[in-house]
Amino acid sequence: MSKITLVAFQWVPPFAQGLVRDLRVRWALEEAGVEYEQKLLAPGENNTPEYRALQPFGQVPVYHEGDLTLFESGSIVMHVAQRSPVLLPMDQAGRAKVLQWMFAALNSVEPHVLNYTALDTFFANEEWSKGRRPSAEKTMRGRLEGLSRGLGTREYFVDRFTAADLLMTTVLRFMRDTKVVADYPNLAALQARCEARPAFKRALEAQMANFVKYAPKAA
Amino acid sequence: MYTLITMPWVPPTFQGQVRDLPVRWALEEIGATYEVRLVDDAHRESEAYRAKQPFGKVPVLEIDGLTLFESAAIVQHLGETSWLLPADPSLRAQARAWMFAAMNSIDPDVIALGDIDHFAADTAWGRERRPELEKSLRNRLDDLAQALGAREYLVGPFSAADIVMITVFRALRHTALISQNPALRAYRDRCETRAAFRRALDAQLQTFQLHEPSAA
């Protein structure tokens, strides 16, 4: 396999540490047992024209594998999963089911989770955020209820651990400063089960190590 | 054998943007015939339906024995076994990346803006929140136009990625955000003039017309 390079940030503020989306890709690569190098962006480097040509929205991660360059964490996880039986079943129907739950994580759940957490993370001082909270919480909880029902008594979304559980766990992590996930015991158990995987721990440590190394000096 | 599950009717504001549209469009592009099964609001709350679609949404597509939800996953799945995804592995990966970009980097702000305009236009929070949200979405769309550049489609020839992106745009029809962006407007018009798109849209609208609630 060609050399793999993952592009991530040198440092992010504490509220985002352990949540930045390169975590998903690191985790997938750890599960697949694939080695990778990292290229870390200094502040502002994500907004240069050169970087925007690789990632139109100035986000991380970006993934290089030989001549191939990919963006969007979900698509990179899918790309890694396609060559790893750990992350994706071999049969077409099983693969379709995993894809279904991956998009459910990123389109039916994540946007509503972030709408809610952003009220505290980014908009706590905005007058409008108080008025917005009840409807944002109601929609978010509706989606988690649906998700909880969709998982039911199963341990994983599709038969066994797959890329779908990986993405869903990273979405549930966005709620870590709240007690919301605990209200859905099967989702909390799924998150704990997935976060106990050695590959997850290695991925999280790898991300956090950069933030320690590049922490801004105290003024 | 394909069976598409969708709603019999939605209010006029949402007609032409219900998410069975990308699935119908993909099926039309690959020349597949499909049956339609309609589920009303009450049925979408039932245990039986929630077992197929946990969030109570549409569409669901039944493909022989396989039942799938999430419109982008369905379109990508249809692409895996048809020309809708490029055969070249690198282009194929790029097309998948754009499908995720449409649903995870563009759609959330599009939906958030629509939620204010359709459900919270007369609330204080909606009025205060809207300008900043619109600005951030406008920036996203500018970035998208920049990335599209002089190309006709997101990746090589027309693909599943364009189906998903263009149907995300449709939830902005009540605004000028796409039509004021010359590159995206041209891209949208190029895709929406495809015969398969017209057939898919007509089929969706015809269903709603047939099930129009009678005036009280």
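Data block above holds the structure.
Quick caveat, the model's predicted, so the values are computed rather than measured.

On the side of chain B, 39 residues touch chain A, which itself brings 42 residues to the contact. Between chain A and chain B the total buried area reaches about 3600 Å² when both faces are included, carbon and sulfur atoms providing 64% of it. Per-residue buried area on chain A facing chain B is highest for Phe57(A), Phe103(A) and Trp128(A); these three make up 19% of the total on that side. Notably, a salt bridge pairs Arg52(A) with Asp143(B), separated by 3.0 Å at the nearest N-O pair. Put simply, chain A and chain B have 15 residue pairs in polar contact (both at pLDDT 80 or more) between them. Residue assignment for the side of chain A that touches chain B shows that the elements contributing at least two residues are strand S4 (68-71), helix H3 (73-81), helix H4 (92-121) and helix H5 (127-151) of chain A. When residues in the side of chain A that touches chain B are grouped by element, the largest group, 16 residues, is from H4(A). Looking at the side of chain A that touches chain B residue by residue, the classes come out as 19 nonpolar, 14 polar and nine charged.

All names here are of chain A. Where helix H7 (residues 185-195) is concerned, the buried positions are Asn186, Leu187, Leu190, Gln191, Cys194 and Glu195. The buried side chains of H7 occupy one side of the element, clustering within an arc of 165 degrees when seen end-on. On the buried face of H7, the contacting elements are helix H1 (22-32), H5, helix H6 (163-172) and helix H8 (198-213).

With that settled, consider the packing of aromatic side chains. All names here are of chain B. The final tally for this structure, using the stated rule, is 17 aromatic pairs over all chains. Both rings, one in Trp25 and one in Phe158, keep their centres 5.8 Å apart while their planes meet at 35 degrees; by these two values the pair is tilted. With Trp25 in helix H1 (residues 20-29) and Phe158 in the loop between helix H6 (124-148) and helix H7 (160-169), this pair connects stretches of sequence that are 133 residues apart. In this structure Trp25 comes out as buried when scored by relative accessible area, which is 0%.

What follows covers unusual backbone geometry. The linkage connecting Val60(A) with the following residue, Pro61(A), adopts the cis geometry, with an omega of 0 degrees. Across the junction of Val58(B) and Pro59(B), the peptide omega takes the value 5 degrees, indicating a cis bond. Looking at the element boundaries, Pro59(B) is found in the loop between helix H3 (47-52) and strand S3 (60-63). We note that Glu72(A) has phi near 70 degrees; this positive angle belongs to a residue other than glycine. Considering the arrangement of structural elements, one finds Glu72(A) in the loop between S4 and H3. For Glu72(A), a relative accessible area of 5% corresponds to the buried category. A positive phi angle, close to 70 degrees, is found at Glu70(B), a residue other than glycine. With respect to the secondary-structure elements, Glu70(B) resides in the loop between strand S4 (66-69) and helix H4 (71-80).

Let us look at the pattern of salt bridges. Across all of its chains, the model carries 29 salt bridges over all chains by this definition. The partner of Asp120(A) in a salt bridge is Arg133(A), and the shortest N-O contact between them spans 2.6 Å. Of the two residues, Asp120(A) is situated in helix H4 and Arg133(A) in helix H5; the sequence distance between them amounts to 13 residues. For Asp120(A), a relative accessible area of 44% puts it in the partly exposed group. Residue Arg133(A) is classed as partly exposed on the basis of its relative accessible area of 25%. Between Arg24(B) and Asp20(B) there is a salt bridge; the shortest N-O distance is 2.6 Å. Placement of the pair is Arg24(B) and Asp20(B) together in helix H1, with a separation of four residues, close to one helical turn. Side by side, Arg24(B) and Asp20(B) carry an identical accessibility label, which is buried.

Criteria and cut-off values
- Residues numbered from 1 in each chain as written.
- Chains lettered and ligands numbered in written order.
- Predicted model: local features only at pLDDT ≥ 70, side-chain atom pairs only at ≥ 80, totals over all residues.
- Heavy atoms only, no water.
- Contact = heavy atoms within 4.5 Å.
- Buried area = accessible area lost by both parts, 1.4 Å probe.
- Salt bridge = Lys/Arg side-chain N within 4 Å of Asp/Glu carboxyl O.
- Polar contact = N/O pair within 3.5 Å; in protein donor to acceptor, adjacent residues only side chain to side chain.
- Helix = DSSP H or I, 4+ residues; strand = E, 2+ residues; numbered from the N terminus.
- Nonpolar A, V, L, I, M, F, W, Y, C, P; charged D, E, K, R; others polar.
- Buried < 20%, exposed > 50% of the residue type's maximum accessible area, 1.4 Å probe, protein only.
- Arc of directions from axis to C-beta.
- Phe/Tyr/Trp six-rings, centres within 6.5 Å; stacked < 30°, edge-to-face > 60°.

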